[in-house]
Amino acid sequence: MASFKAAYKDTLREALQRAEFNFVLTDPRIQDNPIVYASDGFLRMTGYTAEEVLGRNCRFLQGPATNRHTILEIRDAIREEMPCQVSILNYTKNGKPFWNLFHMAPVYSKEDGRVVHFVGVQTPIIATSDHDHLCSRMECFCAPPALNAPSPPSVHADDDSRKHSTPADMDEDSCEVKEADKDKAKSSVNLVLSELVSKCRGVGVTETRCTTVAAGPGGERVICSSLMLSLTKVQQSFVLANPHLPDSPVVHASEMFLRLTGYSRDEVVGRNCRFLQGPDTDRRAVQLIGESLRAEKSFTVKLLNYRKDKTPFWNLLHIAPVRSCAGKVAFFIGVQLEVSSVEEPCLGSESSPHIKQLGAVGAVRVAVRSLQGEGLRRVHKS
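All residue numbers refer to position in the chain's written sequence, counted from 1. Since the coordinates come from a predicted model, pLDDT governs what is reported: local features require at least 70, and pairs of side-chain atoms require 80 or more to be given and counted, while whole-chain, interface and lining totals use all residues. Only hydrogens and water are set aside when side-chain values are computed; all heavy atoms of the structure are taken into account.

Observations regarding the packing of aromatic side chains
Aromatic rings from Phe, Tyr and Trp, taking only the six-membered ring of Trp, are treated as a pair when their centres fall within 6.5 Å; an angle between ring planes under 30 degrees marks them as stacked, one over 60 as edge-to-face, and anything in between as tilted. Inspection of the entire model under this criterion finds six aromatic pairs. Relative to F23, the ring of F21 lies with its centre 5.8 Å away and its plane at 50°, an arrangement referred to as tilted. Like F23, F21 is buried. Put simply, the rings of F4, Y8, F21, F23 and Y37 pair up and form one aromatic cluster. Whether a charge sits over a ring depends on NZ of Lys or CZ of Arg being within 6 Å of the ring centre and within 35 degrees of the ring normal. The ring centre of W314 lies 5.9 Å from the NZ or CZ of K302, which sits over that ring. Burial classes follow relative accessibility: with a 1.4 Å probe on protein chains only, a residue under 20% of its type's maximum area counts as buried, one over 50% as exposed, and anything between as partly exposed.

Structure follows, in structure tokens:
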């Protein structure tokens, strides 16, 4: 809900409620790309309540006959931040299968071109096989599955128990998609995008990516949803800064960092991390940070930082360069760990929290190196 309210004016909700089609918005900046808005039609036709869907990834709509290749096609579109249109078999809350023409499109920030939401709209499809009686005429939508679901999706036990067994030969060939349906789905997405653009807050959103966004030396963009979704899986307090932009601003802040410091994501992204410093922050520690960044070296330092409410805390900060697949520094990661003022961390111990910091650095490095070029495609090993 906060994701929706922060980006759009209050009048948007009333406008979306007048829509005669079903859709959801998801936020790839939040772990697992959850639903942040679901239309009344989506809730009515799937049988779920708002409380049951908001904050969840829509894989709970998948079932035993949902085609894995279709899921991969949607997942690739998310990684490349491209629109996609596929037919997919989904399931209602009571387990009834239905065919869904799913059309997804990204929503970009006008300020920096990052994807802030994905819009997903459906058009009902009427099956042509002998299994028509199993397919619903309901208008329904399946939001993009998360990137961390390579195996059949996990759902709540009570959802699973209600899913009907579906014939194994029920595939896309049993569902004919007419050109009129495709046009209707695309038109519906455009209508939602138009409302989002006209009723957004701040700098605003757009249907097309800003072409002036700076990229790293290897072409990597932290705003790409593939990298963003990978970063949300790292359960540590950390930020990612882009040294190729003026003043090396933060381009990603983890949920744990926001909880540690008390700031919101909008208050952090776009700013240099010096806002955490205060009157008693050791200037020598700050100088060491600057020297290590210029030398592109990893280092660890303990310094006094300040939360948003001005309360101080001792921060065991580990900073490391993150290189692209071309070997050049694309970002710097800073991993924070709150410690006591008298604590002397045992950095060499295998049980040391510092080891977890290094683990976070490794996970981010793997995520960045798996991307190549401005096509935002993953590197596929042969």
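So, the pattern of salt bridges
Salt bridges, as used here, are contacts in which a Lys or Arg side-chain nitrogen is within 4 Å of a carboxyl oxygen on Asp or Glu. Enumeration according to the criterion identifies 13 salt bridges in this entry. R29 is the partner of D27 in a salt bridge, and the nearest nitrogen-oxygen pair spans 3.0 Å. Between D282 and R284 there is a salt bridge, with the nearest N and O atoms lying 3.2 Å from each other.

Considering the side chain of R59
Following the sequence through the fold, R59 ends up in the loop between α4 (50-53) and α5 (68-80). Each polar contact in these results corresponds to two N or O atoms within 3.5 Å; when the atoms are within protein, one needs to be able to donate a hydrogen and the other to accept it, and residues that are neighboring in sequence are counted only if both atoms are side-chain atoms. A polar contact is formed between the side chain of R59 and the side chain of D32, at a distance of 2.9 Å. Helix and strand assignments follow DSSP, with helices taken as H or I runs no shorter than four residues and strands as E runs no shorter than two, numbered in order from the N terminus.

As for unusual backbone geometry
Phi at N33 takes a positive value of approximately 50°, unusual for a residue other than glycine. Take N33: it is sitting in the loop between β1 (23-26) and β2 (35-38). Residue classification places N33 among the buried positions, given a relative accessible area of 0%. Phi is positive for E81, close to 55°, though the residue is something other than glycine. What makes E81 buried here is its relative accessible area of 1%.

Details of the confidence of the model for the chain
Every residue carries a pLDDT, the predictor's confidence in it, which falls somewhere between 0 and 100. Across the chain, the average pLDDT comes to 78, with 76% of residues at or above 70. Below a pLDDT of 50 lies the segment residues 129-161, which in the model reaches 101 contacts outside its immediate sequence neighbourhood of four places, other chains included. Counting interchain partners and residues more than four positions distant, the pLDDT-below-50 stretch residues 211-222 has 34 contacts. Contacts between residues were defined by any pair of non-hydrogen atoms, one from each residue, lying within 4.5 Å.

Concerning helix α11 (residues 283-295)
In this scheme, a helix's expected span is set at 1.5 Å multiplied by one less than its residue total. Compared with the 18 Å implied by 1.5 Å per residue over 13 residues, the 19 Å span of α11 between its first and last C-alpha is a close match. Within α11 the residues assigned to the buried category are A285, I289, G290 and S292. Burial along α11 is one-sided: seen end-on, the buried residues are contained in an arc of 165°. Away from its buried face by more than 90 degrees, α11 exposes R284 and R294. Next to the buried residues of α11 lie β9 (299-306) and β10 (312-323). Looking one or two residues beyond α11, the residue adopting positive phi is E296, at roughly 55°. Think of the arc as the fan of directions from the helix axis to the C-beta atoms.

As for the nonpolar core
Counting 21 residues, the largest nonpolar core has Y8, L25, V107, V119 and L196 as the members making the most contacts within it. Breaking this core down by element, the ones donating at least two residues are α1 (2-7), α2 (11-17), β1, β2, β4 (97-109), β5 (115-124) and α7 (179-198). Tallying contributions element by element places α7 first for this core, with four residues. Aside from chain neighbours lying at most four places away, what touches L196 is Y8, L12, L25, V107, V119 and V205. Among buried residues, those of type Ala, Val, Leu, Ile, Met, Phe, Trp, Tyr and Cys that are joined through side-chain atoms within 4.5 Å constitute a nonpolar core. Residues V234, F238, A320 and F331 belong to the second largest nonpolar core, which totals 18 residues.

Here we look at the side chain of T261
Tracing the backbone through its elements, the reader meets T261 in helix α9 (residues 255-261). In terms of polar contacts, T261 uses its side chain to reach the backbone carbonyl oxygen of F257, at 3.0 Å. What T261 contacts, discounting residues up to four positions off in sequence, is L276, R307 and K308.

Considerations on the layout of surface pockets
Considering only enclosed or pocket space, the second largest pocket measures out at about 520 Å³ in volume. In terms of lining, the second largest pocket is formed by 24 residues, of which the most central are N272, C273, I289, L293 and I319. Secondary-structure elements contributing two or more residues to the lining of the second largest pocket are β7 (238-241), α11, β9, β10 and β11 (329-335). The element best represented in the lining of the second largest pocket is α11, accounting for four residues. Each residue gets one label: Ala, Val, Leu, Ile, Met, Phe, Trp, Tyr, Cys and Pro are nonpolar, Asp, Glu, Lys and Arg are charged, and the others, such as Gly, are polar. Looking at the lining of the second largest pocket residue by residue, the classes come out as 14 nonpolar, nine polar and one charged. Detection works on a 1 Å grid of protein atoms alone, calling trapped sets that fit a 1.4 Å probe cavities and calling open sets with protein on both sides within 12 Å along at least five of seven lines pockets, with lining residues defined by an atom within 4 Å of a point. Grid points are joined across faces, edges and corners, and a volume is the space filled by probe spheres set on the points.

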